Amino acid sequence: MLVPDETGVRALSRVEGVRPVRYEPGQPLPAEAAEAEVIVPRFLQTTDPGEVFAQLPALKYVQLLSAGAERFVGAVPDGVLLSTCRGAHGGSTAEWAIGALLSIYRDFPAFERARQEGRWDFHATDTLQDKKVLVVGAGDLGEQFRRRLEPFDATATMVGRTARPGVHGVDELPELLGGFDAVLVVVPLTGRTAGLVDAAFLARMKDGAVLVNAARGAVVDTDALLAELRSGRLRAALDVTEPEPLPEGHPLWTAPGLFITPHVAGSCTGHTERAYAVVAAEVARYARGERPVNVVTGDY
């Protein structure tokens, strides 16, 4: 199998029945590519993966280092398995979402601006305590967030694709949105979720609510969000944007009530090791003739 870094080579060398070979993304593939059954693309790959897949005649399985698979759905050759790294980055991204809400409610950006200006800007702030958060996306990341939120004496209500015990269905969103102080979006980007957070979605949120997007930028209608931010009715925290990277001069840079980071929620100490722990477990299942648990089906 082909892996893009030495961390992957070390992690997968311990898996029985697997011979990992290092390749350099963007460079010609090694000779072993002719017989490689498995490839691990680099983390958050932005180039067209189809060009690499075309050079792998024995390819049977693509194992991602990310939980998102939108760049690969439809690009993987027919009959080739595609598996995500679900379970690796949920904790880190949930931690970012908690931090973003704390920054907004406790007004940390304003205090930091005052420090830089040498001003003692004493003022009371809001608090995360007692807040009700609607979590749109009830997978690993959503559950990781709920577990971290509750010690702050706040509550999470979960929304999934379909209703099940303890989880509302996405069709219930219109009735739910107005009852929450914050809405966290952690769904994968698919044909169903692109543009999910549109003008109608935002209009249903309660006055003063906070939208938190830790999914993908295209899940949110940027123009609709800008309109709400400029009106002052809503606030937002974004780790992802549409477009991305956010270009110089884009109106999101100067929008009021916005906390923004450059797609770093999952990029923190140990993220590569956590990812390869999931990858090694998935590849071990494949090597034993079992189906990996994170295999993408349909839109996933």
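Our subject is the structure that appears above.
Below you will find a few notes about this structure. Positions within a chain are numbered from 1, following the residues in the order the chain's sequence is written. In keeping with the predicted nature of the model, local features appear solely for residues at pLDDT of at least 70, side-chain atom pairs appear and are counted solely at 80 or more, and the whole-chain, interface and lining totals rest on all residues. Heavy atoms from the whole structure form the basis of all side-chain values; hydrogens and water molecules are not counted.

Notes on the overall build of the chain
Alright, step 1. Secondary structure elements follow DSSP: runs of H or I no shorter than four residues count as helices, runs of E no shorter than two count as strands, and numbering proceeds from the N terminus. Scanning the chain from terminus to terminus reveals nine helices and twelve strands.
Alright, step 2. Radius of gyration here is computed from C-alpha atoms only, and the compact-globule reference equals 2.2 Å multiplied by the residue count raised to the power 0.38. The C-alpha atoms of the chain give 21 Å as radius of gyration, which agrees with the globular expectation for 300 residues (19 Å, within 12%).
Alright, step 3. Classification of the 300 residues of the chain by burial places 48% in the buried group.
Alright, step 4. Long-range pairs, those at least 24 residues apart, make up 56% of the contacts in the chain with a sequence separation of at least 6.
Alright, step 5. Taken as a whole, the chain presents about 14,600 Å² of accessible surface, with 51% of it coming from carbon and sulfur.
Alright, step 6. Neither His nor the chain termini are counted; the positive set is Lys and Arg, and the negative set is Asp and Glu. We put the charge of a Lys on NZ, of an Arg on CZ, of an Asp on CG and of a Glu on CD. Within the chain, the 39 negative side-chain charges are centred at a point lying 4 Å from the centre of the 30 positive side-chain charges. Only protein chains enter the area calculation, which uses a 1.4 Å probe; residues under 20% of their type maximum are buried, those over 50% are exposed, and those in between are partly exposed. Contacts are assigned to residue pairs that have any heavy atoms within 4.5 Å of one another. Values of accessible area rely on a 1.4 Å probe in the Shrake-Rupley scheme; residue burial ignores everything except the protein chains shown.

Describing the packing of aromatic side chains
Alright, step 1. Pairing of aromatic side chains requires ring centres within 6.5 Å, counting the rings of Phe and Tyr and the six-membered ring of Trp. Pairs whose planes differ by under 30 degrees are stacked, by over 60 edge-to-face, and all others tilted. Under the criterion given, the structure shown has two aromatic pairs.
Alright, step 2. When the centroid spacing of 4.9 Å and the interplanar angle of 40° are considered together, the rings of Tyr-61 and Tyr-286 count as tilted. Taken together, the residues span a long stretch of sequence, with Tyr-61 in strand E4 (residues 61-63) and Tyr-286 in helix H9 (residues 271-287) at a distance of 225 residues. Each member of the pair, Tyr-61 as well as Tyr-286, carries the same accessibility label: buried.
Alright, step 3. The criterion for a charge sitting over a ring is simple: Lys NZ or Arg CZ within 6 Å of the ring centre, and within 35 degrees of the ring normal. Directly above the aromatic system of Tyr-105 lies the positively charged group of Lys-131, at a separation of 4.8 Å from the ring centroid.
Alright, step 4. For the cation-ring pair, Lys-132 lies above Phe-180, with the distance from its terminal atom to the ring centre recorded as 5.4 Å.

With respect to the environment of Ala-237
Alright, step 1. Within the secondary structure, Ala-237 is located in strand E11 (residues 235-238).
Alright, step 2. Classification of Ala-237 by relative accessible area gives buried; the value is 0%.
Alright, step 3. In sequence terms Ala-237 and Leu-176 are 61 residues apart; their C-alpha atoms lie 20 Å from each other.
Alright, step 4. Here Ala-237 is in contact with Trp-96, Ala-100, Ile-104, Val-210, Leu-211, Val-212, Asn-213, Leu-258 and Phe-259, once residues within four sequence places are set aside.

A closer look at unusual backbone geometry
Glycine aside, a negative phi is what most residues show, and trans is what most peptide bonds show.
Alright, step 1. Between Glu-242 and the following residue, Pro-243, the backbone shows a cis peptide bond with an omega angle of 10°.
Alright, step 2. By secondary structure assignment, the location of Pro-243 is in the loop between E11 and strand E12 (258-260).
Alright, step 3. The linkage connecting Glu-244 with the following residue, Pro-245, adopts the cis geometry, with an omega of 0°.
Alright, step 4. Positive phi outside glycine occurs at Asp-107, with the angle close to 60°.
Alright, step 5. The phi angle at Asp-130 is positive, at roughly 70°, despite the residue not being glycine.
Alright, step 6. Looking at the element boundaries, Asp-130 is found in the loop between helix H4 (108-117) and strand E6 (132-136).

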